[in-house]
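Below, each chain spelled out in residue letters.
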Amino acid sequence: MQGKILIVDPVATNRIVLKVKLSASFYDVALVASANDALAHACVTKPDLILASMDMPDNEAIMLCKALKSDVALRSAPVVMIAANDDHGMRIAALSAGADDVLSKPFDDEFLLARIRSLLRTRNAVDELRLRDGTSQALGFAEDIGTFDQTGRVAVLSADQINAARLAGQLKPKFGSTISHHEIKDAMGSFGESDVPEVFVILLDGVDADLGLHLLSDIRAHASTRHASIIVLPSAKSHPKVAAAALDLGANDVMPGSFGTAELALRLRTQIKRKHTADRLRDNMRDGLQAAVVDPLTGLFNRRYALPHLSRLAMAAGEKNRNFAVMLAAEILSICKPETCRLFAALES
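Residues numbered from 1 in each chain as written. Predicted model: local features only at pLDDT ≥ 70, side-chain atom pairs only at ≥ 80, totals over all residues. Heavy atoms only, no water.

Engineer: Can you tell me about the pairing of strand 5 (residues 101–104), naming the residues and giving the values?
Structural biologist: The two faces of a sheet get side chains in turn, since along a regular strand they alternate between them. Alternating residues of strand 5 divide into D101 and L103 and V102 and S104, and every residue in both groups is buried. Both strand 4 (residues 79–83) and strand 5 contribute to a ladder of four bridges, which runs parallel. The residue of strand 5 that forms the bridge with V80 is D101. Each parallel crossover has a hand, and the one from strand 4 via helix 4 (residues 88–96) to strand 5 is right-handed. (Buried < 20%, exposed > 50% of the residue type's maximum accessible area, 1.4 Å probe, protein only. Helix = DSSP H or I, 4+ residues; strand = E, 2+ residues; numbered from the N terminus. Pairing = 2+ DSSP bridges. Right-handed = clockwise from strand over helix to strand, strands pointing away.)

Pasting the structure below:
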């Protein structure tokens, strides 16, 4: 099974139709009819993703989303809300409550599956970083970091510089981050090492979709930008396959069809928050690896680093038929620590 998905919908037909589609893609699917049943089921089974209808009575869908995101054990599971129509106000309410996406009916099956794959891929990557971060903290190698500044650098990219500038101008009053705008063809040459955007917004307005998707691949391929978040905005005329392809190529979010700048600003804040969290986890993991091979008092490499490094030196010297020397300093060799004695023995062998 590719993962456990919980479907929440008061209409039995809707639940069954979704289950058939997802089961065909080898997901383990569970069905419930109400928010209360969803919470009870989620607490026991810990689903990997939750699909919830917004047609539940008495605003239950929003309350369910808030409850899931406030539970430490469940908050990492992506929540996708399904709306009966494209209502911007409803979408913003769901996103503000913590939903990872809102899909409006009718939606393309291929896009739904691509969105699920994208969210699960992101969730699994973050969970892996959290696992390694937890190990580092247990070993005393990592330090907790407080909350982040949720502003950041955003680049709006379009084949038409005017359209990019217009969207950047609309976002600035609603968004406290630094926003720049660039043409797609010049995008990868527009940034230095110190000003790489945290989020790229790629407009596919009137541009050959392949050009925008190629840029997405380039962003993911370059070391300086591969961890940036990417939001793709296909035009209303784009085929649903374009949105699905963008997700499978590494886009973090896709907003097909019409959208409002308030919604886009909300999604940008979410992506920046996730980017900062992932960056912090990667930094902690990197610091933990460094702490494992460096003596905290002297700042010098320890035995854990020295032995495999010396083995590689000896192997390289043997291959080239050359001699090499090792200089070792200790306070008093006659009472050296056990690890130093073992290092001498390893060198002698």
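Picking up where we left off.
Engineer: Residues and numbers for the sheet that holds strand 3 (residues 49–53), please.
Structural biologist: Think of a sheet as strands paired side by side through backbone hydrogen bonds, with each pair either parallel or antiparallel. Pairing in this open sheet of five strands is parallel, and the strands run 2-1-3-4-5 from one edge to the other. The open sheet terminates on both sides in strands that have one partner only, identified here as strand 2 (28–32) and strand 5. Strand-to-strand twist across the sheet, computed as the mean angle between neighbouring axes with direction ignored, equals 20°. (Axes fitted to C-alpha atoms, helices over the stretch in contact; angles between N-to-C directions.)

Engineer: Provide a residue-level description of the sheet that holds strand 7 (residues 178–183), including the pertinent values.
Structural biologist: Taken in spatial order, the five strands make up an open sheet running 7-6-8-9-10, and their pairing is parallel. Of all the strands in the sheet, the pair left with one neighbour each is strand 7 and strand 10 (253–254). For strand 8 (residues 199–204) and strand 9 (residues 229–234), the ladder comprises six bridges, and the chain directions are parallel. Paired with L203 across the two strands is L233, which belongs to strand 9. Sheet contacts for helix 7 (residues 209–221): strand 6 (153–158), strand 8 and strand 9; angle to strand 8, the most-contacted strand, approximately 165°. (Contact = heavy atoms within 4.5 Å.)

Engineer: So what about the packing of helix 2 (residues 35–45) against helix 3 (residues 60–70)? Which residues, and what values?
Structural biologist: Contact geometry of helix 2 with helix 3 gives a least axis separation of 9 Å together with a crossing angle of 20°. If you check the angle between helix 2 and helix 3, you find them roughly parallel. Crossing handedness for the pair helix 2 and helix 3: right-handed. Of the residues in helix 3, those in contact with A35, A38, L39 and A42 of helix 2 are E60, L64, A67 and L68. (Parallel < 35°, antiparallel > 145°, perpendicular 65-115°, else oblique. Left-handed = near helix turned anticlockwise from the far one by under 90°.)

Engineer: Which residues make up the packing of aromatic side chains, and what values go with them?
Structural biologist: Evaluated as defined, the whole model comprises one aromatic pair. Measuring from ring centre to ring centre gives 5.7 Å for F191 and F200, while their planes differ by 80°; the resulting arrangement is edge-to-face. There is no split in this pair, since F191 and F200 are both buried. (Phe/Tyr/Trp six-rings, centres within 6.5 Å; stacked < 30°, edge-to-face > 60°.)

Engineer: Mind laying out the side chain of H182, listing which residues take part and the relevant values?
Structural biologist: Here H182 lies in strand 7. Of the polar contacts made by the side chain of H182, one reaches the side chain of S180; its length is 2.8 Å. If sequence neighbours within four positions are ignored, H182 has contacts with A155, V156, L157, S158, Q161, A164, S190 and F191. (Polar contact = N/O pair within 3.5 Å; in protein donor to acceptor, adjacent residues only side chain to side chain.)

Engineer: Tell me about the pattern of salt bridges, and please be specific about residues and values.
Structural biologist: This structure, assessed with the given rule, holds 16 salt bridges. The partner of E263 in a salt bridge is R91, and the shortest N-O contact between them spans 2.8 Å. A residue pair is termed long-range when its members are at least 10 positions apart, and E263 in helix 9 (residues 261–293) and R91 in helix 4 qualify at 172 residues. A salt bridge links R115 to D253, with the shortest nitrogen-to-oxygen separation between them at 3.3 Å. In this pair, R115 sits in helix 5 (residues 109–138) while D253 sits in strand 10, placing the two residues 138 residues apart along the sequence. The exposure classification of R115 matches that of D253, with both residues buried. (Salt bridge = Lys/Arg side-chain N within 4 Å of Asp/Glu carboxyl O.)

Engineer: Please give an account of the nonpolar core that cites residues and values.
Structural biologist: Counting 42 residues, the largest nonpolar core has L22, L51, I116, I202 and V232 as its most contacted members. Broken down by element, the residue count for this core peaks at seven residues, all from helix 5. Contacts of L22, omitting those with residues within four sequence positions, involve I5, I7, Y27, V29, L51, L113 and I116. (Core = buried A, V, L, I, M, F, W, Y, C linked by side-chain atoms within 4.5 Å.)

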